[in-house]
Every structure is written in C-alpha cells, then in structure tokens.
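Analysis of the macromolecular model
Read off the chains here:
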Amino acid sequence: MYQSYAQKSSLEVPLNFWGKLTLFQSLDSIRASGIKLAYSSNKLTNQEVEVEKNLTIGDFLNTIKEKRIIDVIYEENQIIVIPHVPRDFTIHGVVKDVETGEHIIGAAVEISGTQLGTTTNGYGYYSLTVREGDYRLKFSHIGYQSHESEVTLYKNTYIYISLSQQITELDEVEVLSIADDINLSETIPSINRISTSGADGQIPYFLGEVDVIQNALLKPGIRAIGEDASGIHVRGGGVDQNLTLLDEAIIYNPNHFYGLISIFNPEAVNDVRIMKGYIPPSYGGRSSSVIEVRQKEGNANKQSVSGGIGVLSARALAEGPIQKGKSSFLLSGRRSLLNLSIDDFASNSVQRNRIRFQDLNLKLNFKYSKSSTYYLSGYLGDDQNIVGLSSTRNWGNRMLNFRWNYLFSPRLFSVISAFYSEYNYTIENTEEPGAFLGRSKISDAGAKINFTSDLSPTNEISYGFSMVYHRLIPGEQQPLDRNSTTNNVKLENERGLESALFLGQKGTLNNLSFEYGLRISSLLTFGPGTVFQYKDDTPLADSTIIDTLRFNRFDLIDSDINFEPRASINWRINGKTSIKASFTRTAQYLHLISNTISPAPTDIWKLSGRFIPPTTTNQYTLGLYKNLYSNTWELSSEVYYKDIQNNIQYRNGADLIFNDNIETEIFSGQARAYGLEIYAKKKRGKLQGWISYTLSRAESKIPDDGDSRFILEDHDKTHDFSTSWSMKVSPRLSASTNFVFNTGIPVTLPTDKYVFGNSLIPHFQFRNNSRLPNYHRLDLSLRLEGRDFRKKGKKRRKNKDYWIFTIYNVYARQNAYSYFYRESPIDPGTAQVVQYSIFGTIIPAITYNFKF
Amino acid sequence: MKKRLLYILIPLFIACEKVIEVDLPPSQNLVVIEGWLSDVSSSQRVRITRSNAFSDRTPITTINSAEVIVQSRNGDILPYSYNSDDGYYYSDSTFSGQSGLEYRLRVIIDDSVELRSDWDEMPARVDIGDLEADSFQDNDPDNSNREITIFYPKITTLDPSESDNYYRWIFLKNNTIFTEPELITIQNDRLFNGNFIPNNFRNFNYSSGDEMTVQLASISRSTHDYLSLLKSQITTLGTSSGTTPAIVNGNLFNVNDSGQLVLGYFGTIAISENTINVR
C-alpha cells in the first residue's frame, strides 16, 4: 500500500500527540510536522479519536483505518485521507468435530440477526462473503452443541470451529436452538441424507446389521424388488441407473449376501447422500440417482478401536492421529462369520451353496496447511460363493481414491481427485477334465476437478471437468491347467473414455434461490474391436449380418455427445415453508446386461455403442416443504415425472452369456415413471423417526411384442409405506422399530398350461397381468448400553459397549417373494400356483458392539 | 463348533412354499404340437393337443382328426396317422431323417386351418463317446447320520471341429426317461469347439444295479434356443435369477391367421446312444 509513496521514512516518525482529540486535530498535527497530507473537511466526519502513546505516524494512520474511520491513499508525494468506503470480505474456514477432528458436512453457518448463511460443503468447508462489520456467527449441526463466535470483519478472515457432540440426558429439556432447516433452505429437492452418527443412522436391520442402504430403502422413492434381490430402484429407474460413489470412486456392485446388506461397513461410513430428483451438473453418467457414500476421516486427536460381532458378521475399526491434529488414519475390516446361504439352507446335501464376504476400508488424511488437505481412501471387497463341490465364484469391488482439497483463495475452493476402481468376477471350476477359469471385469481410471467460487453470499459458481477411462473385459474363459479340455474363449474387450465438462451457478434473489447448470458429456469408444453391420430394416440377428468392420488399437469406433441441462428453483415462502421445482436431464453410457428379475454378480456391463444408444432421462420434480415446531418436524411432499429414452429391454430367452453380438438380444425402448412421495420426519425428542409414503408407477414399452402400450415394470409398487422410530427408554436402553407395507410387485400369471416333453408347461400370454399379495413386515430392536461405571468403585469405564437385540418379521408373515408354477406332486396332470417366501418366519438376532 | 452354530441357524432361514389359489386369466385354448424327427430308422411321431386353463383339473385334450405330414426339401412326403391308444400321430412307415436335409411339419386341423413349422435341418450325428458311472457320497436324505453312494453318468465327447454344434442330452434309468423339466439338458460347443467335452451329470442319480442309458441328440441352433427358453420358463421362474415369464415361441405358425399363436416345436434330432450297467 505504501509502494508508490516516496517518503516512506516519514511514516516512521513518532507522533507528537496522544490522548483524546478530534480527527481533524490529529490530521492537522501530522500536516504540521511537514508531511504532505490532504483531506476534505466536507467529506470526513470530525469524530473523536483516542491515540495511544509512542505511535508512529504510519501506525496511527493504520489504526484509524482499521477502525474504519478513514481510508488512506498513498500517492507518490502525498497522503490522501478519504472517508471510509465499506467493502465485502470473506469469512471462511472449516467446521470440525472437537473430539475426532473430523470435518462436519452440512453444518449450518449463520449470521445472527440476518437471513445470511450457508452450510459446510461435502468437505466441511464453508465460505461467506459479506459487507465488513461486526457480526455474530452461529455454527450448528444436528447432534452437536451450537457455537457462537464474534467476528469483526475488515479483512478476509479464516475461522475454524470445533463443535462438540450433544449429550442428551434423558431428563434434560432439549433446547431447540439449532436452525436445521436445511431442507427448506437448500435449493434442490429430493435429497435423502443418512448420517451414521445420528440416531436414525444406527437403526439395525436384518440380523441386527446396521446398514445405510437398508436404511435408504425406508425412504420415499427408493426400493428393492424383494428380500432376496440385490439392487435398488430409485424412482422407478433400473438397478444400473444409480451412480454409487464411495468417496469419489464408482462402485459397480454395492451388495453382499443377496442384497440383504450393502458393502458399506457402517463402522467406516460417515454419511450417505442420495440425490434422486435434481442432480448437480458435476455428477453424471447414470440416469436415476446419485448415491454418495463418504467414509469417515479417522480421528485426528486420539486413537480408538471399535467393533462388533453379530450373527452375520464381525467387524473392527481402528482410527487415530498419525500426527496429532494434522493427519489421521482409519482402517476397518469386516467379514462374514459363517458359510451362509438362503436358497437351500434346508438342504444338508454336500452340494449346498455357500456364501461368504469380507471388506477392508482405509482412509488417510493429511492437513498440509489451512488451504490444503490431502485424502487417500481405499476399499477392498470380496464375496465368495461355493456352488456344489468344485465351483467357486468370487466377486468384489476395489477402489483407491486420492483427493486434494485446495483453497486458491478464500473464495475459490477446489477439489481435485483421481481414482481407480474395479469390479471383478471370477469363476473357477476345478473339476477335471473340464476345469476352467472364467472372469469378467470392469475397471475405471478417472480424474475430476471441481472449482467452486463464491462471488458473494448470494452468488456461487462452480465448474470443472471429469474423465473416466473404462476398460471392460466382458468375459473370458481359459483352461485351468494342462489337463483341461476347455478352449480359450474370449469376448472382445471394450474401451471407452467418458468425459464431461460442467458449469453451474447458485444464486439467491430475495426469497428465491436457484441453481442451474449444464453438463456436456461424451463417450468415445476405441479399438481394437469388431462391429457387425446388419441389413437395413431387418431385426438385428446373426442371419442379418452383412459385414464385419474391424478397428485397430486406438481407432475411434463410436462417439456420442449429450447436453444435459439441469435447473432447480426454491421459493422460500416463509420461515417454515418452501416450494421447489427442478428439471434434470441425464445421459447414461454404461449398461448392466441382465435379463433376470434381480441382477446377479455375474452380470456384465456394456458401453454404449452403435447399436446401444445412451439411455437419456428427463426428470421433472415439484415439491412442497414445511417444518413445524421449530424444525422438530420436517415434512415434504414431492411429485415427479421421468421420461426415459433408450431404456434397455431384452428379447425373450435372450442369450447373454459369451455372446459377441449382444445387440441382437436387446432393444432400446421407452420407459416412464411418475409418482408422489410424502415424507414426515421427527428429528428431535425422546421419540425420533419418520414416515414415508410413495404412490408411484413405473412402466416401459417392450418393442419385441410389437405392442406400443406401456407395460408395468417388474419392480413397480403402487403404494409403498414405511416408517421407522427410535426411542430412548432409559439412560441405558433404547428401542427402535420399522414397519413396511407395499403393494405386491407385478407378476405374470399363466392363462394356460400344456404338455411338452411330458412336462406340464405354464403359458404366459400377458406380461405382468397381476400382482403378488401385499407385503408388510414389522421389525423391532433393543439397544442396551453397557454400564458407565465399574461394578466396584465409582470409576468411570473408559470403554463403551452395547448390545443390540433384533427381531425381523415380528409377526412371522409369510410375505410372497414370487409365485412359481408346477405340476401337482399328488395329482399329476394338474398344475399348482405356489407362493414362495424367503423368510417365512421370525428372525431374531443379537450383536455386541464396543468402542475403546 | 462351527458346524453346530450353523445348524442352530438353519431353522431361521427356512424359506417357505405354499400352494395357493389365485384368480387366473381365462384360457386361450391354443394348439400345441410336439414333434421330433430322428435319424434313427423308426416310426416317427407327433402329438397335437390343446392347452387348457391353468387351473383346469381335466386332462389336456388331444386333437385326433388332423391331417399330418412331414415334408423334406427334396420333395419326400411322410404321412402320419392318429393312434388312439396313446394319442400320438405315427408315420405310416418307418423312416430315418437324413443329415443335412431340411424337414418341416404341415398339419391341417378343423378341415381348413393349416399349421406349419419352419424348415429344420437334420444335424450330423456326433458320437456320444465313452460312458462311465462315477459316484459321490452324500448324506442320506432319510437319515442324516448315514452316507450313501450316488452314481451318475460321466461322458467325454469329442466335439467336431467344423461347425457350431448344439446338443440335447437324454437320460434313461432302466428304460424310463427322466422327464423333470429341470433335467432338460442342453449344451453348445461355444467353450469346447473341436475339443473333448467332459460332462459329469450329477443331477442324474442312479443306484448300483441300474441300467444307465444316455443319448446325445444333435440338434439345430433354433431347437437349442427353443429348449433353452422353455427350460428357463419352467425352472427358474420365481427365483431371483429367474427371467420374466414370457411366451415360449417355437417354430410353428398358423398359415391362415398369423396372429393365432401355435405353441410347441417341430425339430430334427440325430441320436447317438450308449448304455452301461451301474455296479
């Protein structure tokens, strides 16, 4: 600031006055000491200033400048004193958990007495740019004690806040001070958040396992087809239409154990965010939703070990600082305890099917400086299924992700990440002489750069690009050893580069906030590869192939580009109510090839190409949000309509195994889904929980039938109700319960039966012409905390532990999973409809958990 | 210990099945044809029936007044006549299909409605190879403390190198054919082309003293696809690995009214057989 001022040394001269005097008196005294100083007495206010002893002229000018009485301009030969012009400055920083040092996501940062505020982003970082002045900042988050801090803002200021967890004693009257109305204030609709630190994130499900995906299935619009079916359908979309991210890496199969538990070890997961309506432009590649799972960062302040053991699995987690306050680690493992099976548990034959699984999670983070944090996270999962005596199937996801959060300036935040992720499937058959080893794999290497720039508290832009190189090995099989007589068979590998450029803006205008953006995505597929050419205007079939095009390494086989506009608007009617509307267009370039009702681990993925165009979806959402009783109750009601183009459908009897022209077995058709979702959540009090109801329809056209009508999708459920409540009964005992009710899924009932090859065959003329009976189920669980004090003496125990007792399917309802049709064993020649239930009985379980 | 824990868990997991009554849509009463023409010199046969309502407890009815012929591409015509004893139509003379030649079925019902199959080419016969009875020990289903020895067919077949081969395996125990739909065994040589195909048919259980007969029927690709769809429709429905139920389209059609569905299949098979006594 003094650079251009020629007489810097004169600023070092001590003042010849002190004490109380007026501004003009002090400036005149400086002028009298021979320094050229100009000011206009018309413009400045001649207020009283207090001057300390032993200040230099420079110090004095700075002091009154900092007090925002004047601004000082240093020119070459003179100093000009002008009235102070208020300016905008940025308050920024991170919000952390005081105990663990982990960043808190979604914490509210508000300026008391104003409408201004923000929330910490996915990395615990916040930034607010406001006019200079004195402020009172309030930091709050569910489950934490809120914290207030005084700020005198006359320059960009970094404030890092540690919040301590709220300890709610049973008798304590809770002060409802936390302004957790994020559901009203955030611009975008249709987000579900599950935090494993909150009460609702700790509800146990099947066999006492806490699971974030099972939890999500109790939220509106998120469904699985049945109990023994892996894969989730979000708002009528397919199971391959959810972008599942673990930290930043793509996960292709998030299920263990027939979908009854997810691969996300609850010990290692911090929170899950599911976006099912509006999807921000920085996300893409899947049509229906984004399921973003973040692992915990690891406690940066002290070491701890926690874990648990239950009927299904045992798990343990160790975390702690590497360098206190600066870097930390987290390492967690889980494995199934028994060789489990559902399908044929009743059989004690040696040929029984056995299943096991294990997970390993790792996270390291290193806070290099105020503006730079590095993270490394990894996951390794393995599922094994031994079929009969000699066949072993293994599958699993693995990923490694590196992330760098960097603050270029207080208002420019960047996240740079790079990941490698793969999903592997192998089958080993050791039976001679046909012993073989088969495998398929999809691997992704990707990078993403995302910048967020806060132009003002009411204007934020973000932009960036992402690139993922997909390499698919759809299938290969080779002899296991030299004695084997099998051939080496291999389908061609596929390679594709999926990239996207995205730009978005977030803004606020009075009580309207909006967010919009554009994602430009593309897929380039490369050789080596073979593409068949088919006769025009005939169905694609082996018999209509007229030519074969061969592509060399790096030759471009096909390219696709899609413009995906996204927009969302929030009209905050008052402090309790808001209305939101959004539009999202998405393009999906990867498809899971599966024609079974529920996807199998063996299913392969396929890139879009000449004959399989990308699936595109337009989704419209409109919602009304209301909070009651100081945000204790959160209510929402949303309607959505989804129009899906190039939805994949399969020919009857499609042959998908080792098929090198799979395009002859599939069609691209139209699908649509629409519905109404109602959600009510009670967030505080002794009794907490939620009620969710969805009225929906999902249907598609099957071009194969030559029929242009929409037919119900297999996963359609008209009414879907679920509710979950937990309650603190005593300081050591809490109870929770879940209840679900839904319309049975569509089923195709036979019209006729006939005899072929001495077997009685059901004939199905009309697809999905009926429904299974309604599904309902009640689960209960109790959580008993270990004693806080040792039996003898009053010493507080260092370790914490608790037991969970659960009962799944309390009233032992035999919910129909499916129907099958068979010849009566008693009365040959007549046919029977048989209802199959996966769990026909009540299932109790117990788990023990500890932390020390 | 581990095993004991496992057994404690078993009752928790028992899935359950119960026969239920549901309102079913009305019957379509469709014509169903099943006909195979083999390369073994014999009286060839065809069966023509009508489907009835799924819940109907009366037996399937046979159509007994149809005119039935099999035509070959080289102009031969093989007429069939109805046999009221077993409800099948038999060729008027013994006949053996000729490898490489195409055949089709023509049926006239109700005096004027013509039903026809697509042409199906008789495949070349593939030698079944050596048959052995191998065995494994399993828990006796009647007494879990006892083990029993179960015999099963083990066959290694040399697949011809030149072309895509499709097979159907047929098993007989003491001259009685295994007919359970889940035992429809079809195979192709995608993974074994030109090589030995080793097969251990563990699902076909024999005891010591049984006569074990195995037939290897070479079939056309379309026959293979039809049987594969048929099998999936009757065995995997209702499981999570099941496909959506669908019409099992065969190779038969109504010449007069293409909108009228004809169920079933007419195909050619070239059979190679081997028999042993299980000891």
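Each residue is numbered by its place in its chain's sequence as written, counting from 1. Lettering of chains starts at A and numbering of ligands starts at 1, both following the order in which they are written. Totals for whole chains, interfaces and linings use all residues, but because this is a predicted model, local features are given only for residues with pLDDT of at least 70 and pairs of side-chain atoms are given and counted only at 80 or more. Computation of side-chain values covers all heavy atoms of the structure but excludes hydrogens and water.

Let's talk about the overall build of chain A
Just so we agree on the cut-off: A helix here means a DSSP run of H or I that spans at least four residues, while a strand means a run of E at least two residues long, and both kinds are numbered starting from the N terminus. Atoms counted for the radius of gyration: C-alpha only. Globule rule: 2.2 Å times residue count to the power 0.38. Note on exposure labels: buried denotes an accessible area under 20% of the residue type's maximum, exposed denotes more than 50%, and partly exposed covers the range between, all computed with a 1.4 Å probe on protein chains only. Residue burial considers only the protein chains on display, and all accessible areas are found by Shrake-Rupley using a 1.4 Å probe. Note that His is not counted, nor are the chain ends; the positive residues are Lys and Arg, and the negative ones are Asp and Glu. Every charge is mapped to an atom, namely NZ of Lys, CZ of Arg, CG of Asp or CD of Glu.
Check the secondary structure of chain A and you find 4 helices and 56 strands. For 852 residues, the compact-globule estimate of 2.2 N^0.38 gives 29 Å, and chain A sits close to it at 32 Å. Along the three orthogonal principal directions, the C-alpha set of chain A runs to about 120 × 75 × 55 Å. In chain A, buried positions account for 56% of the 852 residues. In the structure as shown, chain A presents an accessible area of about 35,100 Å², 55% of it carried by carbon and sulfur atoms. Charged side chains of chain A number 92 positive and 89 negative; the gap between the two group centres comes to 7 Å.

Quick notes on the overall build of chain B
Counted only if it meets this: We call two residues contacting when some pair of their heavy atoms lies within 4.5 Å.
Regarding its fold elements, chain B presents 2 helices and 20 strands. A principal-axis box enclosing the C-alpha atoms of chain B has dimensions of 70 × 50 × 35 Å. Here chain B holds 279 residues, and 50% of them are scored as buried. Here the contacts in chain B between residues at least 6 apart in sequence split such that 65% fall between residues at least 24 apart. For chain B, the exposed surface amounts to about 13,400 Å²; the carbon and sulfur share of it is 44%.

Some details on unusual backbone geometry
Residues and elements named next belong to chain A. In the segment running from Gly527 into Pro528, the intervening peptide bond is cis, with an omega of 5°. The phi dihedral of Arg235 is positive, around 45°, even though this residue is not glycine. Counting through the fold element by element, Arg235 comes out in the loop between strand S16 (233-234) and strand S17 (242-246). In this structure, Ala812 is a non-glycine residue whose phi angle is positive, near 50°. Mapped onto the secondary structure, Ala812 falls in the loop between strand S53 (800-808) and strand S54 (818-823). Relative accessible area serves as the criterion here: at 29%, Ala812 is assigned to the partly exposed category.

Some thoughts on the sheet that holds strand S8 (residues 117-119) of chain A
Within a sheet, neighbouring strands are paired by backbone hydrogen bonds and run either parallel or antiparallel to one another. Residue and element names in this part refer to chain A. Selection rule: Here a strand pair is declared whenever DSSP counts at least two bridges between the two strands. An axis is simply a line fitted to the C-alpha atoms; with a helix, the fit covers only the stretch in contact. Between two such axes, the angle follows the N-to-C directions and lies from 0 to 180 degrees.
The 4 strands are arranged S8-S7-S10-S11 in an open sheet whose pairing can be described as antiparallel. Two strands close off the open sheet at either side, each with one partner strand: S8 and strand S11 (147-153). Within the sheet, the average angular offset between the axes of one strand and its neighbour, ignoring direction, is 20°. For strand S10 (residues 133-140) and S11, the ladder comprises 7 bridges, and the chain directions are antiparallel. Of the residues in S11, the one forming a bridge with Tyr135 is Val151.

A short note on the interface of chain B and chain A
As a reminder, the rule being used: Buried area is calculated as the accessible area (1.4 Å probe) missing from two parts once they are joined, with the contributions of both summed. Only one rule defines a salt bridge in this text: a Lys or Arg side-chain nitrogen within 4 Å of an Asp or Glu carboxyl oxygen. Within 3.5 Å is the distance limit for a polar contact, defined as a pair of N or O atoms, with the added protein rule that one can donate a hydrogen and the other accept it, and that residues adjacent in sequence qualify only through two side-chain atoms. Classification used: nonpolar for Ala, Val, Leu, Ile, Met, Phe, Trp, Tyr, Cys and Pro, charged for Asp, Glu, Lys and Arg, polar for all others including Gly.
Opposite the 76 residues of chain B that make contact, chain A presents 83 residues. Summing the contributions of chain B and of chain A, the shared interface buries around 7,100 Å²; its carbon and sulfur component is 59%. Where chain B meets chain A, there are 3 salt bridges. With a shortest N-O distance of 3.0 Å, A:Asp827 and B:Arg57 are connected by a salt bridge. Inspection of the chain B/chain A interface yields 14 residue pairs in polar contact (both at pLDDT 80 or more). Of all the secondary-structure elements, those providing two or more residues to the side of chain B that touches chain A are helix H1 (2-13), strand S1 (16-20), strand S2 (31-38), strand S4 (52-53), strand S12 (130-140), strand S17 (196-200), helix H2 (221-235) and strand S20 (262-277) of chain B. Counting residues per element, the side of chain B that touches chain A draws most heavily on H1(B), which supplies 8 residues. Within the side of chain B that touches chain A, the residues separate by chemical class into 41 nonpolar, 22 polar and 13 charged.

Considering helix H1 (residues 23-32) of chain A
All names here are of chain A. Basically, it comes down to this: To be clear, the arc concerns the directions from the helix axis to the C-beta atoms.
Those residues of H1 lying buried are Leu23, Phe24, Ser26, Leu27 and Ile30. Seen end-on, H1 carries its buried residues on one side only, within an arc spanning 165°. As for H1, its buried residues are in contact with strand S1 (19-22), strand S2 (37-39), strand S3 (48-51), helix H2 (57-66), strand S4 (70-74) and strand S5 (79-83). With its phi angle positive at about 100°, Gly34 sits one or two positions after the end of H1.

So, the environment of A:Ser371
Residues and elements named next belong to chain A. Within the element layout of this structure, Ser371 appears in the loop between strand S26 (354-369) and strand S27 (372-387). Residues Ser371 and Gly93, 278 residues apart in the sequence, show an inter-C-alpha distance of 9.0 Å. Not counting residues within four places of it along the chain, the set of residues in contact with Ser371 comprises Asn405, Tyr406 and Leu407.

Considerations on the nonpolar core
To be explicit about the condition: Grouping buried Ala, Val, Leu, Ile, Met, Phe, Trp, Tyr and Cys residues that are joined through side-chain atoms within 4.5 Å yields what is termed a nonpolar core.
Counting 91 residues, the largest nonpolar core has A:Phe206, A:Phe257, A:Phe264, A:Val272, A:Tyr819 and A:Tyr821 as the members making the most contacts within it. Of all hydrophobic cores here, the second largest spans 26 residues; its members include A:Tyr5, A:Leu27, A:Tyr74 and A:Val81.

Observations concerning the confidence of the model for chain B
Residue and element names in this part refer to chain B. Threshold: On a scale of 0 to 100, pLDDT captures the predictor's confidence in every residue.
Residues at a pLDDT of 70 or more form 92% of chain B, whose mean pLDDT is 87. Predicted confidence is poor over residues 1-12, with pLDDT under 50, and the contacts of this stretch with residues over four places away or in other chains come to 15 contacts. Scored by ipTM, the complex comes to 0.90, with pTM at 0.83.

Some words on the pairing of strand S37 (residues 556-574) of chain A
Residue and element names in this part refer to chain A. Bridge analysis of strand S34 (residues 512-526) against S37 gives 15 bridges, and the strand direction is antiparallel. Across the sheet, residue Gly517 finds its bridge partner in S37, namely Arg566. By the bridge criterion, 8 bridges tie S37 to strand S38 (residues 577-588) in an arrangement that is antiparallel. Note that in S38 the partner of Arg566 across the bridge is Thr584. Hairpin connection of S37 to S38: 2 residues between the antiparallel strands.

Things to note about the packing of aromatic side chains
Quick note on the threshold: For this analysis, a ring pair means two rings from Phe, Tyr or Trp (six-membered ring only for Trp) whose centres lie within 6.5 Å, classed as stacked if their planes differ by under 30 degrees, edge-to-face if by over 60, and tilted for the remaining angles. Charge over a ring is defined by NZ of Lys or CZ of Arg lying within 6 Å of the ring centre and within 35 degrees of the ring normal.
Throughout the structure, instances matching the rule amount to 44 aromatic pairs over all chains. Judged by centre distance (4.5 Å) and plane angle (10°), the ring pair of A:Tyr125 and A:Phe413 falls under stacked. Placement of A:Tyr125 in strand S9 (residues 125-131) and of A:Phe413 in strand S29 (residues 412-429) is noted, with a sequence separation of 288 residues between them. On the basis of relative accessibility, which here comes to 7%, the residue A:Phe413 falls in the buried class. Through pairs of rings, three or more aromatic residues link up here, namely A:Phe366, A:Tyr368, A:Tyr374, A:Phe402, A:Trp404, A:Tyr406, A:Phe408, A:Phe451 and A:Tyr463. The ring of B:Tyr88 has B:Arg45 lying over it, and the distance from NZ or CZ to the ring centre is 3.8 Å.

What to know about H2(A)
All names here are of chain A. Along H2, the residues classified as buried are Ile57, Gly58, Phe60, Leu61 and Ile64. Angular distribution of buried residues about the axis of H2 spans 165°; they occupy a single face of the element. Looking at the buried positions of H2, the neighbouring elements they touch are H1, S3, S4 and S5.

A short note on the pattern of salt bridges
Residue and element names in this part refer to chain A. This structure, assessed with the given rule, holds 36 salt bridges over all chains. In this structure, Glu460 engages Lys506 in a salt bridge whose closest nitrogen and oxygen atoms are separated by 3.8 Å. Within this pair, whereas Glu460 is found in strand S31 (residues 459-479), its partner Lys506 is found in strand S33 (residues 494-509), the two being separated by 46 residues in sequence. Classification of Lys506 as partly exposed rests on a relative accessible area of 35%. A network of salt bridges, in which partner residues are shared, links Arg235, Lys276, Glu638 and Glu677.

Some points on the sheet that holds S4(B)
Reading across the sheet, the 3 strands line up as S50(A)-S49(A)-S4(B) and stay open at both edges, with antiparallel pairing between neighbours. The open sheet has two edge strands, strand S50 (759-763) of chain A together with S4 of chain B, and neither has a second partner. Pairing analysis gives 2 bridges linking strand S49 (residues 752-756) of chain A to S4(B), with the strands arranged antiparallel. Opposite A:Lys753, over in S4(B), you have B:Asn52 as the bridge partner.

What about a nonpolar patch on the surface?
All names here are of chain A. Stated precisely, the cut-off is as follows: Patches were defined on residues exceeding 30% relative accessible area and lacking a salt bridge, with like-charge contacts within 9 Å and nonpolar side-chain contacts (Val, Leu, Ile, Met, Phe, Trp, Tyr) within 5 Å.
Together, Leu509, Leu512, Ile569, Trp571 and Ile573 make up a nonpolar patch on the protein surface, roughly 440 Å² of accessible area in all. Broken down by element, the nonpolar patch gets its largest block of residues, 3 residues, from S37. Structurally, the position occupied by Leu509 is in strand S33.

So, the pairing of S9(A)
Residue and element names in this part refer to chain A. The buried fraction of S9 amounts to 6 of the 7 residues, a majority that puts the element mostly inside the structure. Of the pairings in the sheet, the one linking strand S6 (residues 88-97) to S9 comprises 7 bridges and is antiparallel in character. What sits directly across from Ile91, in S9, is Leu128.

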